[in-house]
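# Observations on the three-dimensional arrangement
Each chain is listed here by its residues.
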There are 2 protein chains.
Amino acid sequence: MTRATYHHGALRQALIDGAREILAERGHEQFSLNEVARRAGVSTAAPYRHFSGKDELLAAVSDQGYATLHEALAGTAASATDVRERLLRMSGAYVRFAHDHPDLFLTMFRGRAVASPVGVESFEVLRQVVVDAQAAALLPAGPSPELMARSIWATLHGLAVLSLRRPHERFGLDESPEDLATGTLTAMFGL
Amino acid sequence: MTRATYHHGALRQALIDGAREILAERGHEQFSLNEVARRAGVSTAAPYRHFSGKDELLAAVSDQGYATLHEALAGTAASATDVRERLLRMSGAYVRFAHDHPDLFLTMFRGRAVASPVGVESFEVLRQVVVDAQAAALLPAGPSPELMARSIWATLHGLAVLSLRRPHERFGLDESPEDLATGTLTAMFGL
DNA sequence: ACCTGAACACCGTTCAAGT
DNA sequence: ACCTGAACACCGTTCAAGT
């Protein structure tokens, strides 16, 4: 039996990939570091050459998740010239990401974990859309863009988290993530 | 050595109390069913007479958490006659609860856990305040109270979850939970 | 009816040893 | 430098046995 030989950090990425697989298959509560090693075909001690432990591997997985989320948000933000459309598409993309990768999303924002610096870029994209929306009188112009952006982030994040639960208490299954997000923002700001 | 003898479900409550202790001391990620049993002075198999397993014990803990949260919300909602004040106090109480009992809060809303029916009562309290706020033109009257209430719930929940992380990315440590909640609602609705 | 004692498979982590 | 093999304490859960 030829066992794969890893070099130059190839095992590191293989472990991250395996972790994402398990996350998608079994969920973040069943996640096991030993199983990640098993899938990569290495001993349970091998991951410790690349990560200080389970938490650091999950942090690396989170970082890649933040990068993927950022692409989705930046992509939708750039996909329209109309400010209202940009705000709504971006909002939909946030909740959509949570629904498409629920356990990755929950891992990224798990408990009291340390926030990723990558998330800052995404916040900046949202902040810029908010600046434009305030200029267009779509959002109240009184509060600072900073405050307004984190208020909207909180709303989207709450929607994402609460709609991931089951049974979907008060958050209909029938609605798509996009409808949930846009419906909420439309209701709050009369867009 | 006299070992406590449990009867009539006394062990059940002792296990729930012990679980809340561990949650407060070590956090929900370090929570261990065996340690709960150890603290109660029983064998690790004993809890299985009262709960089907770890998840069911945590569900029972969550239920008591929902009851405590409900008291806090209903209490603040009744503490003022002014509609605006009621809405803001209730909002502050939600985020305050999360900060005062972070790991209990995270356990209640952990991952994809099943929502507690007890939470429905709390939602009803919020919905009623929203009805009054809409009548007083404090909140937009167009959307249904149901939609408006879950939008606000999502906002408060997002604030709670995100402000629990560390370092408090974009959510200042300096702000009290109450200021965080009222500041956000004030910004969004121009209250 | 309720709890113990002992076991099972599995977990995260450590460390001496191999190559 | 990177990985193995074996061990450690601990985990959730099961089950026959005690009272």
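Residues numbered from 1 in each chain as written. Chains lettered and ligands numbered in written order. Predicted model: local features only at pLDDT ≥ 70, side-chain atom pairs only at ≥ 80, totals over all residues. Heavy atoms only, no water.

Attention shifts here to the domain arrangement of chain A. Residues and elements named next belong to chain A. Under the domain assignment used here, chain A contains domain 1 (3-49) and domain 2 (59-189). Of the residues lining the interface, eight residues belong to domain 1; the matching set on domain 2 comes to eight residues. Seen at the junction of domain 1 and domain 2, the total is zero salt bridges. If you look at where domain 1 meets domain 2, you find two residue pairs in polar contact (both at pLDDT 80 or more). The class makeup of the residues in the side of domain 1 that touches domain 2 is three nonpolar, three polar and two charged. (Domains from an automatic or database assignment. Contact = heavy atoms within 4.5 Å. Salt bridge = Lys/Arg side-chain N within 4 Å of Asp/Glu carboxyl O. Polar contact = N/O pair within 3.5 Å; in protein donor to acceptor, adjacent residues only side chain to side chain. Nonpolar A, V, L, I, M, F, W, Y, C, P; charged D, E, K, R; others polar.)

With respect to the helices, strands and loops of the structure, His 70 of chain B is situated in helix H3 (residues 54-78). Assessed through its relative accessible area of 17%, His 70 of chain B is described here as buried. (Helix = DSSP H or I, 4+ residues; strand = E, 2+ residues; numbered from the N terminus. Buried < 20%, exposed > 50% of the residue type's maximum accessible area, 1.4 Å probe, protein only.)

Listed by partner, the interface residues are 48 residues for chain A and 48 residues for chain B. A buried area of about 4300 Å², summed over both sides, lies between chain A and chain B, and 57% of it is on carbon and sulfur atoms. Our count for the contact surface shared by chain A and chain B stands at six salt bridges. A salt bridge links Asp 103 of chain B to Arg 112 of chain A; the nearest nitrogen and oxygen atoms lie 3.3 Å apart. Between chain A and chain B we count 13 residue pairs in polar contact (both at pLDDT 80 or more) in total. Contributions of two or more residues to the side of chain A that touches chain B are made by helix H5 (102-108), helix H6 (118-135), helix H7 (145-163) and helix H8 (177-189) of chain A. (Buried area = accessible area lost by both parts, 1.4 Å probe.)

Turning our attention to the environment of Gly 111 of chain B. By the secondary structure assignment, Gly 111 of chain B is in the loop between helix H5 (102-108) and helix H6 (118-135). Classification of Gly 111 of chain B as buried rests on a relative accessible area of 10%. Every residue in contact with Gly 111 of chain B, bar those within four places of it in the chain, is listed here: His 28, Leu 106 and Arg 165 of chain A.

Near DNA strand C you find 20 residues, and of these Leu 33, Asn 34 and Arg 38 of chain A together with Ser 43 and His 50 of chain B are the closest. The sugar-phosphate portion of DNA strand C accounts for 54% of its atoms within 4 Å of the protein, the bases making up the rest. Between DNA strand C and Asn 34 of chain A, the relevant distance is 2.8 Å, taken from a phosphate oxygen to a main-chain nitrogen or oxygen of the residue. In this structure, His 50 of chain B approaches DNA strand C through a side-chain N or O atom, which is 2.8 Å from a phosphate oxygen. Among the elements that line the surface near DNA strand C, the one with the most residues is helix H2 (residues 33-40) of chain A, at three residues. (Near = heavy atom within 4 Å.)

Attention now goes to the pattern of salt bridges. In the structure shown here, the tally under the stated rule is 26 salt bridges over all chains. For Glu 175 of chain B, the salt bridge goes to Arg 150 of chain A, with nearest N and O atoms at 3.2 Å. In this pair, Glu 175 of chain B sits in the loop between helix H7 (145-164) and helix H8 (177-189) while Arg 150 of chain A sits in helix H7, so the two residues belong to two different chains. Among the ionic pairs, Glu 21 of chain B bridges to Arg 39 of chain B, the shortest N-O distance being 3.1 Å. Residue Glu 21 of chain B is located in helix H1 (residues 10-26), and its partner Arg 39 of chain B is located in helix H2 (residues 33-40); the two are separated by 18 residues in the primary sequence.

All names here are of chain A. Within the secondary structure, Gln 134 is located in helix H6. Overall, Gln 134 belongs to the buried group, its relative accessible area being 10%. There is a polar contact of 2.9 Å between the side chain of Gln 134 and the backbone oxygen of Pro 140.

Let's shift gears to the relation of the copies chain A and chain B. By a simple turn and slide, chain A fits onto chain B: the slide is 0.0 Å along the axis, the RMSD is 0.0 Å, and the turn is 180 degrees. With respect to symmetry, the two chain copies, as superposed, fit the operation of a two-fold axis. With an isologous cut-off of 70% or more, the 100% of interface residues of chain A that recur at the interface of chain B puts this contact in the isologous class. (Least-squares fit on C-alpha atoms with pLDDT ≥ 70 in both.)

Attention now moves to the packing of H6 of chain B against H7 of chain B. Residues and elements named next belong to chain B. Running from N to C, H6 and H7 point in directions that differ by 115 degrees, and their axes come no closer than 9 Å. The orientation of H6 with respect to H7, classified from their angle, is roughly perpendicular. As H6 packs across H7, the resulting crossing turns out to be right-handed. Every residue of H7 that contacts H6 at Phe 123, Leu 126, Arg 127, Val 130, Val 131 and Gln 134 is listed here: Pro 145, Glu 146, Met 148, Ala 149, Arg 150, Ile 152 and Trp 153. Split into classes, the residues belonging to the contact of H6 with H7 amount to nine nonpolar, one polar and three charged. (Axes fitted to C-alpha atoms, helices over the stretch in contact; angles between N-to-C directions. Parallel < 35°, antiparallel > 145°, perpendicular 65-115°, else oblique. Left-handed = near helix turned anticlockwise from the far one by under 90°.)

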